Each structure stands twice: as structure tokens, then as C-alpha cells.
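# A closer look at the structure
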Amino acid sequence: MDAPAGRTAGRKTAAHAGPKLNAISWLALALMTTSSVASLRAAPTMAVYGLACVFLYLVPAIVFLLPTSLVSAELASGWSGGVYRWVAEGLSKPLGFLAVWCQFAMTIFYYPSLLAYVASTFAYVINPDLASQGLYTAIVIVVTYWLGVFVSSRGTKTVAGLSSWGLVIGTLVPGLILIVLGAVFLGQGNPSAAPMNSGHILPPWTGLASLVLIVNNFLSYSGMEMNAVHVSSLRKPAKEFPKAMFLATGLVLLIFILPALAISWVVPSSSLSLTAGVMQAFDAFFAYFNVTWLTPILGLMLIAAALGGMLTWLAGPSKGLLAISREEGYLPPFFQKLNKHGVQQNILVTQGFVTTGIALLYAFIPDVSSAYWILSVITTQVYLIVYLLMFVAALRLRRNKPDHPRGFRAPMLPVLCVVGFVASAAAMIIGFVPPSQYGSGSLISYLFIVGGGLVIVGLLIPYLFLRFRKPSWKRPDTEWKAGVGTVTEGEAQA
């Protein structure tokens, strides 16, 4: 049956509106996606499971990564403006604010966990014994974050180059070295620290706690909705975007799985640190091959990549939140002010005080790995709200606005949305179950911290902003809508 005339015209408008001046290849998009998603930071978390990490990476890739990629591609090809516009058009503007808030708020917990990884890695450069010291970790988090705020508040553009090289310097090269050393290590007849036979393909079932670490993989795969904005730059979006996503998925899986396996070959799970596991593996391999002098070099490479990623993310989500808030009046004027460099310094500084408070968790929780895990779970829980809203909005937009021009239509969108929504909801529920790595900590305290973080940061704070906002908070600015960020006279501040 022929498509309705309006729908056909809409498709032509979106997908065939003449030559694309800034067209990119599907291969370039696949590599861009890989660089923004793949990282070695999560490898120790899955290395605990040995061969079963393959299963624990594949499951969220199928039920979360692919639905997220394809659904967000359709939304991005039809509605510019990111997740706020998608949810606002599909559901409501307040829920759109909730989505963009959660996209920003997850960074409140993301930075402490990322910088804990930096602290543990740096410890192997100066003194490996510091890697398990909570006070040292807290100090590094606080100092590094505030230095990042200072750099970002200056409006510097140097972070772009550091981030671009981060994939090569801090991910691809160390990952390849880790895999090669691991293969040589096993090839010389050394036994693997983790069993590599068919009996260990699935993780041992000891209740829900045995599968809790899969939740962290949802965060590892998050961010695909940001790359979907490039779908309109493809020459043939309907054919090329799925190819790009399948290739990116394969590359991401290789980068995640192979280094995790290499770590499990040389570091026993009982002594594996969730923050310093990568450096533990390098340390063990370099000691075996008598090249221990390489350990600090690899450590500095990993640190450079992590810091580049932090600086790139530091101002990005908050700038998106600011732009929406100025247009709709979601945040008080204090948070909307810009400094003389056009940077939302008040938001960054306020976030810094909260981050400092969260960093103290590392000083008061004896086990650094437990604190790292708790913050990773809260980060995931808050971010999953974004995806729950996105999948529902996509369904409603396909049903209520079927003729709206789209450059790409996700195949079996209802199925993708249902699978993605159920997977996200299940991950959120499982996140409340303490993992075995949490040790003998109190279940009540774990639920209080994780549940409190989710409710307060992900729901209560945005509700209060919406509840008490005033018409005078609206400060629409054409230049900010365009993403220029020019400071208007009278609002610049040192």
C-alpha cells in the first residue's frame, strides 16, 4: 500500500532536501560514536566475572545500546534540540526539563567516580599503596575537580584537542597493550587467574546480587542519544545509520570485553580493585616482563584521557541546562548568570560544592571500591530516568505525529521502545540490590544512599525548581538559543 501523500512528502523533506554541505560517512560516525562511548575505566568492574563478562556486556548491548541508538536517531532526525525537545514534544515541557536535568545531574555523581579512577591510577605513578586510601582519593577528587572548574570557567578551547587525542592515548593504545601482553602471558603457558572454560560463560547465580554489576554497563553504553544528532549529516540516513551503529557496537564491545578479559587473566577477582584494576593488571604484566618502568607512563596516559573527558563533559551538560532554563525560566537568575567568558560559572561552582561533599564518601567509607560502586549506581539510576522518558516520548511522537518529517525511521520502533523501557526499568530496580563487591556493608545504608541520591537529585530538586519558578526567571536570549553564549551587558561577572 502506498504511503499517504503527507507522509511521503515529509520523508522527502527530511531526507532529500538537496545535497548536504557537511555530510559525513557512516564509517566516520561509527568511529565518533566509538570514541565517545568506549573506555577502559569500566574494565575492572567486569573483570571480576572473568569469561562471564562477555555475557554481561552483550546483554545490555542488545536490550539497551541498540534500542537507544536507533530510537534516538529517529528523534534526532525529526526534532533538533536534544532530549529536552524530544520529551517536551512527546510528553510535556516539565518532563522535558526533568529529562535535561537528569542528563546534567548524573554528572554530579559521575565526576567523583571518574576522578576516583584518576586518583587510583595516579597512585600507581607515585605510590601504589595510596590506591586504597579513602582520604587520598577524596583529596584528589576535590583538588582535580576545582582545577577543572577553573579551566572551564576561563572559556578555554584547549580541552577539545586533549579530548580528541584521549581515545588514542588513553584508550586504544593502553587497551591494545593490555590485550597483547595478556595474549603473550597465556601463550607462554601461564595459567589464567580466572577460569576460561565453557562452565564459566554465565556468571554464577547466587541471587540478584550476582547480576548487579550489569547495571554499570548501562552507564557504560549511555551517551548514544548525543551521537544521534549527526544522523542528518549522513548522505543516506535510513541505510547508513544502522550500519554505523552496528559497527560502533562491535568496536565498543571489543574495547570493553578484551581488556576486561586481559585483566581477569592476571589479577585474581578477590584482590581486584574497581578503581585501580587497570593499573593492577599493567603492574602485574610489566613485573612479569621486567619492564616495570612502563607502569607510570601508562598511568599518565590513562590520566590524560580521563581528565580530557572530564573537562569536555564539565561545561557541556550544564550549558544545555542553562540554555533551556533561560528560555523557559526553569532556574533562578543566580544560576543563569554568566561570567565574562560566557561560562555558566555559578552552576559549575555550586556543582563543585556538592561534588566536594560527595567526595567525602571516600574518606568515610573504608573500602574505596564500595564508594566507587555506590556512586556509579547512583549515576546510572539518575541517567536511566532520561531513557525511560525518551522511549515513551518516541512512542507517542510516532503515534501522534506520524507525518512529521524524519530523515530516519527506526525499524520496529514500538518493539525497540518497549524493550529499551523494560530493560531500563529492570536495571533501575536491580541497582537497589547491593553487589557482592559491596562487602559486609549495611543493606539499609546502601538503600538509603542509592535511593536517597535518586529521589533527591533525580526527582525532588527538579520538582522544587518547577514548583517555585517565577515568570521573571525567563530570560530568552537569541544568541544562547543558537549556542553562541555571548554575554550581555550587565550580567558578566568576574
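Computed from a predicted structure; not experimentally measured.

### Observations regarding the overall build of the protein chain
The helix and strand inventory of the protein chain stands at 20 helices and two strands. Classification of the 494 residues of the protein chain by burial places 53% in the buried group. Nonlocal contacts in the protein chain, meaning residues at least 24 apart in sequence, comprise 82% of its contacts between residues at least 6 apart.

### A closer look at the environment of G308
Looking at where G308 falls in the secondary structure, it is placed in helix α13 (residues 294-328). On the accessibility criterion, G308 (0% relative accessible area) is buried. Along the backbone, G308 and G148 are 160 residues apart, and their C-alpha atoms lie at a distance of 9.8 Å.

### Some remarks on the nonpolar core
Counting residues in hydrophobic clusters, the biggest one holds 144 residues, and the most contacted among them are Y57, V71, Y221, F241 and I263. Ranked by the residues each element gives to this core, the list is headed by helix α6 (residues 93-126), at 21 residues. Setting aside residues no more than four positions away along its own chain, Y57 makes contact with A42, A43, M46, N217, Y221, L253, F256, I257 and A260.

### Side note on the packing of aromatic side chains
Inspection of the entire model under this criterion finds 17 aromatic pairs. Between F64 and Y387, the ring centres sit 4.9 Å apart and the planes meet at 80 degrees, which makes this aromatic pair edge-to-face. Pair noted here: F64 is in helix α4 (residues 53-78) and Y387 is in helix α17 (residues 368-400), with a separation of 323 residues, a long-range link. The interplanar angle of 75 degrees and the centroid separation of 5.7 Å between the aromatic rings of F185 and F285 together place this pair among those described as edge-to-face. Taken together, the residues span a long stretch of sequence, with F185 in helix α8 (residues 158-187) and F285 in helix α12 (residues 277-288) at a distance of 100 residues. For F185, a relative accessible area of 9% translates into the label buried. These aromatic residues form a ring-pair network of at least three members: Y84, F97, W101, F104, Y330, F334, F335 and F465.

### Examining the side chain of S325
Structurally, S325 is set in helix α13. Setting aside residues no more than four positions away along its own chain, S325 makes contact with F97, Y330, L331, Q336 and W473.

### Considering helix α18 (residues 413-430)
In this model α18 runs 25 Å from its N-terminal to its C-terminal C-alpha over 18 residues, within 8% of the 26 Å that 1.5 Å per residue would give. What α18 keeps buried is the set L413, L416, C417, G420, A423, S424, A427 and M428. One side of α18 carries all its buried residues, which in axial view fall inside an arc of 140 degrees.

### Side note on the pattern of salt bridges
Scanning the entire structure with this criterion turns up five salt bridges. Among the salt bridges present, the one from E89 reaches K401, with a minimum N-O distance of 2.7 Å. In this pair, E89 is assigned in helix α5 (residues 82-90) and K401 in the loop between α17 and α18, connecting sequence segments 312 residues apart. Using a relative accessible area of 29% as the deciding quantity, one classes E89 as partly exposed.

### Some words on helix α11 (residues 237-266)
Between its first and last C-alpha atoms α11 spans 44 Å; for 30 residues at 1.5 Å apiece the expected length is 44 Å, and the two agree. Burial within α11 is extensive, with 21 of its 30 residues counted as buried.

### Some remarks on the packing of α6 against helix α15 (residues 345-359)
Interhelical geometry of α6 versus α15 gives an angle of 45 degrees and a closest axis separation of 9 Å. For the element pair α6 / α15, the angle class is oblique. Crossing geometry of α6 relative to α15 is assigned as right-handed. Together, F104, T107, I108, F109, Y111 and P112 of α6 and I347, Q351, V354, T355 and I358 of α15 make up the contact between the two elements. Looking at side-chain class alone, the contact of α6 with α15 contains eight nonpolar, three polar and no charged residues.

### Details of the confidence of the model for the protein chain
Per-residue confidence for the protein chain gives a mean pLDDT of 78; residues scoring 70 or more make up 80%. Between the elements of the protein chain, mean pLDDT differs from a low of 35, seen in strand β2 (residues 492-493), to a high of 90, seen in α18. Scored below 50 in pLDDT, residues 478-494 shows 38 contacts in the model against residues more than four places distant or in partner chains.

### Digging into the packing of α6 against α12
Remark: α6 packs on α12, axes separated minimally by 8 Å, with the N-to-C direction vectors making an angle of 20 degrees. One element, α6, and the other, α12, form an angle in the roughly parallel class. Regarding α6 and α12, the two cross each other, and that crossing is right-handed. For the pair α6 and α12, contact is made by Y117, T121 and Y124 and by V278, M279, Q280 and D283, respectively. Considering only residue class, the contact of α6 with α12 consists of four nonpolar, two polar and one charged.

### Regarding a nonpolar patch on the surface
Judged by side-chain polarity, V455, I456, L459, L460, Y463, L464 and F468 come together as a nonpolar surface patch covering roughly 650 Å² of accessible area. Among the secondary structure elements, L459 is positioned in helix α19 (residues 443-468). We classify L459 as partly exposed; its relative accessible area is 41%.

### Focus on unusual backbone geometry
Positive phi, close to 60 degrees, is recorded for N290, a residue that is not glycine. Here N290 shows up in the loop between α12 and α13. Even without being a glycine, M412 presents a positive backbone phi close to 50 degrees. Structurally, the position occupied by M412 is in the loop between α17 and α18. Residue classification places M412 among the exposed residues on the basis of a relative accessible area of 61%.

Rules behind the numbers
Residues numbered from 1 in each chain as written. Predicted model: local features only at pLDDT ≥ 70, side-chain atom pairs only at ≥ 80, totals over all residues. Heavy atoms only, no water. Helix = DSSP H or I, 4+ residues; strand = E, 2+ residues; numbered from the N terminus. Buried < 20%, exposed > 50% of the residue type's maximum accessible area, 1.4 Å probe, protein only. Contact = heavy atoms within 4.5 Å. Core = buried A, V, L, I, M, F, W, Y, C linked by side-chain atoms within 4.5 Å. Phe/Tyr/Trp six-rings, centres within 6.5 Å; stacked < 30°, edge-to-face > 60°. Expected span 1.5 Å × (residues − 1). Arc of directions from axis to C-beta. Salt bridge = Lys/Arg side-chain N within 4 Å of Asp/Glu carboxyl O. Axes fitted to C-alpha atoms, helices over the stretch in contact; angles between N-to-C directions. Parallel < 35°, antiparallel > 145°, perpendicular 65-115°, else oblique. Left-handed = near helix turned anticlockwise from the far one by under 90°. Nonpolar A, V, L, I, M, F, W, Y, C, P; charged D, E, K, R; others polar. pLDDT = per-residue confidence, 0-100. Patch = residues over 30% accessible without salt bridge, like charges linked within 9 Å, V, L, I, M, F, W, Y side chains within 5 Å. Areas by Shrake-Rupley, 256 points an atom, 1.4 Å probe, with all protein chains shown as cover.

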